[in-house]
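# Survey of secondary and tertiary structure
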Amino acid sequence: METKLFQNPNSEQELNEAAAILRDGGLLGIPTETVYGLGANALNETAVKNIFIAKGRPQDNPLIVHIPDASWLPRCAASVPDAAYRLAERFWPGPLTIILPRHPSIPLQTTGGLETVGIRCPNHPVTRELIRRSGVPIAAPSGNTSGKPSPTTAQHMLADMDGKIDGIFDGGASAVGVESTIIDLTVTPPRLLRPGGLPLESLREVLGEVAVDRAVTEKLAEGERPRAPGMKYRHYAPKAPVTVVTGSPKASAAYIAANAPEGAGVLCFKEYLALFSDRITQSLGSENDQGEQARRVFDALRRFDQTPVTEIFAQCPDPTGLGLAVSNRLKKAAGFHVVEVAE
Ligand code: TXA
Ligand code: MG
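Residues numbered from 1 in each chain as written. Chains lettered and ligands numbered in written order. Predicted model: local features only at pLDDT ≥ 70, side-chain atom pairs only at ≥ 80, totals over all residues. Heavy atoms only, no water.

## Examining the layout of surface pockets
The volume enclosed by the largest pocket comes to roughly 660 Å³. In this structure, the largest pocket is lined by 39 residues; those nearest its centre are Asn61, Pro62, Ile64, Ile182 and Ala228. For the lining of the largest pocket, the elements supplying multiple residues, two or more each, are strand S4 (64–66), strand S6 (116–120), strand S9 (181–184) and strand S10 (191–194). Per element, the largest residue contribution to the lining of the largest pocket is four residues, and it comes from S6. For the lining of the largest pocket, a count of residues per class yields 18 nonpolar, 13 polar and eight charged. (1 Å grid on protein atoms, 1.4 Å probe; cavity = no way out; pocket = protein on both sides within 12 Å on 5 of 7 lines; lining within 4 Å. Points joined across faces, edges and corners; volume = space filled by probe spheres on them. Helix = DSSP H or I, 4+ residues; strand = E, 2+ residues; numbered from the N terminus. Nonpolar A, V, L, I, M, F, W, Y, C, P; charged D, E, K, R; others polar.)

Here it is, written out as structure tokens:
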């Protein structure tokens, strides 16, 4: 199959052609502010099955359903609590996925067999317009091959999906860079299932108490089931094994300088690039700029695949604000192989 690249958001013809792919059961790479998604008609079981095949994704891992605005919530959820509308009002369009009871029109194929459904309104004008024009909710996991770092550019997505899907709409680099935050509103108190582009602190401002699922910070025991099925898989992983080093930037840099063997690459804050000038490095951005760290993390992990590094040592931000999502992605890329340096 030839994968068509759409590039002109001002072209009626391109928008209509891309929306028709979605509506008629095809697969389309769609730009969002978090990461690129692999979109298909969420109501079409065959189309959804093809998403799983293109990604090599386990069938029990549910997909997020994307809508153009909160007025579509009742089309996708069997009941919509007041808290969902309050969150939507404050944070949509934006990097927040809300778990609600599944509407019968959303097939179990889309929800990985669950009676709940994750719903999100992405903050990207092209994708919201494409969903509106297609007229149907769009199921979209991140557009990477299963297990690989998520794509934050159309080029990343093309590298994984060329020849496997009908098209990709290039909407520029993703502005946030890590996936949406997932909040489960079917339990009390509401539970954070995945940290992401919307900080936990912001959710607590609206909801009050929010529980944090253990899978966010810890490796689960063999056979243990997290509430977000996707959290159990090794993920975001470059080819070389990763070791994450926590602690203050100064302490983690010193640890890596003293302990990384020859041939190891380093993913470090910009301020420490000079310290590792004799190694293959990728910058995670400034230690003081969490937004930059989120935008860079997946691209930096992918770039190591084009180098001969035998393993990767990564500095890790504090788990506050966007740092909770970035540190979670790094730890998952490392299969939770983490060295905690005091300080
Ligand atoms: O930012 C994002 O959320 C991106 C863009 C494309 O919107 N999408 C994304 O999808 O990250 P994916 O499939 O890569 O990750 C979805 C995560 C998985 O961990 C999955 O298990 C969880 O959401 N999930 C989806 N529906 C769920 C449900 N009903 N209950 C619990 N977890 C759910
Ligand atoms: Mg994903």
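## Digging into the sheet that holds strand S15 (residues 311–315)
Reading across the sheet, the five strands line up as S14-S13-S15-S12-S16 and stay open at both edges, with parallel pairing between neighbours. With partners counted over all chains shown, the strands left at the sheet margins are strand S14 (281–283) and strand S16 (338–340), one partner each. In this sheet, adjacent strand axes meet at a mean angle of 20° when their direction is disregarded. The pairing of strand S13 (residues 264–268) with S14 spans three bridges and is parallel. Residue pairing across strands places cysteine 268 opposite serine 283, the latter belonging to S14. Of the strands in this sheet, strand S12 (242–246), S13, S15 and S16 are in contact with helix H8 (residues 249–259), which crosses S15 at around 160°. Running at roughly 165° to S14, helix H9 (residues 290–303) makes contact with S13 and S14 of the sheet. (Pairing = 2+ DSSP bridges. Axes fitted to C-alpha atoms, helices over the stretch in contact; angles between N-to-C directions. Contact = heavy atoms within 4.5 Å.)

## Quick word on the sheet that holds strand S1 (residues 4–6)
A sheet is described by the order of its strands in space; here 11 strands give the open sequence S1-S8-S2-S3-S7-S4-S6-S5-S9-S10-S11, paired in mixed fashion. Bordering the open sheet on either side are S1 and strand S11 (211–212), each of which pairs with just one other strand. Note: strand S5 (residues 96–101) against S9, four bridges, orientation parallel. Across the sheet, residue isoleucine 99 finds its bridge partner in S9, namely aspartate 184. Sitting on the sheet, helix H2 (residues 45–55) is in contact with strand S3 (37–41) and strand S7 (138–139), with an inclination near 155° to S3.

## Examining helix H4 (residues 82–91)
What H4 keeps buried is the set Ala83, Ala84, Leu87, Ala88 and Phe91. Buried residues of H4, viewed axially, fall in a sector of 135°; they line one side. Residues Asp82 and Glu89 are exposed on H4 and point more than 90 degrees away from its buried face. Residues of H4 that are buried make contact with S5, S9 and helix H7 (200–207). (Buried < 20%, exposed > 50% of the residue type's maximum accessible area, 1.4 Å probe, protein only. Arc of directions from axis to C-beta.)

## Digging into the packing of H9 against helix H10 (residues 323–333)
The N-to-C vectors of H9 and H10 enclose an angle of 20°; their axes lie 9 Å apart at closest approach. The angle between the axes of H9 and H10 places the two elements in the roughly parallel class. Between H9 and H10 lies a crossing of left-handed hand. In this structure, H9 contributes Gln290, Gln293, Ala294, Val297, Phe298 and Leu301 to the contact, and H10 contributes Gly323, Val326, Arg329, Leu330 and Ala333. Looking at the contact of H9 with H10 residue by residue, the classes come out as seven nonpolar, three polar and one charged. (Parallel < 35°, antiparallel > 145°, perpendicular 65-115°, else oblique. Left-handed = near helix turned anticlockwise from the far one by under 90°.)

## Comments concerning the domain arrangement of the protein
According to the domain assignment, the protein contains domain 1 (4–216) and domain 2 (242–340). Using C-alpha coordinates to define each centre, domain 1 is positioned 28 Å away from domain 2. Our enumeration of links across domain 1 and domain 2 arrives at three salt bridges. For arginine 329, the salt bridge identified is with glutamate 179, shortest N-O distance 2.8 Å. Where domain 1 meets domain 2, there are eight residue pairs in polar contact (both at pLDDT 80 or more). (Domains from an automatic or database assignment. Salt bridge = Lys/Arg side-chain N within 4 Å of Asp/Glu carboxyl O. Polar contact = N/O pair within 3.5 Å; in protein donor to acceptor, adjacent residues only side chain to side chain.)

## Let's talk about unusual backbone geometry
The residue after tryptophan 92, namely proline 93, is reached through a cis peptide bond having omega -10°. Mapped onto the secondary structure, proline 93 falls in the loop between H4 and S5.

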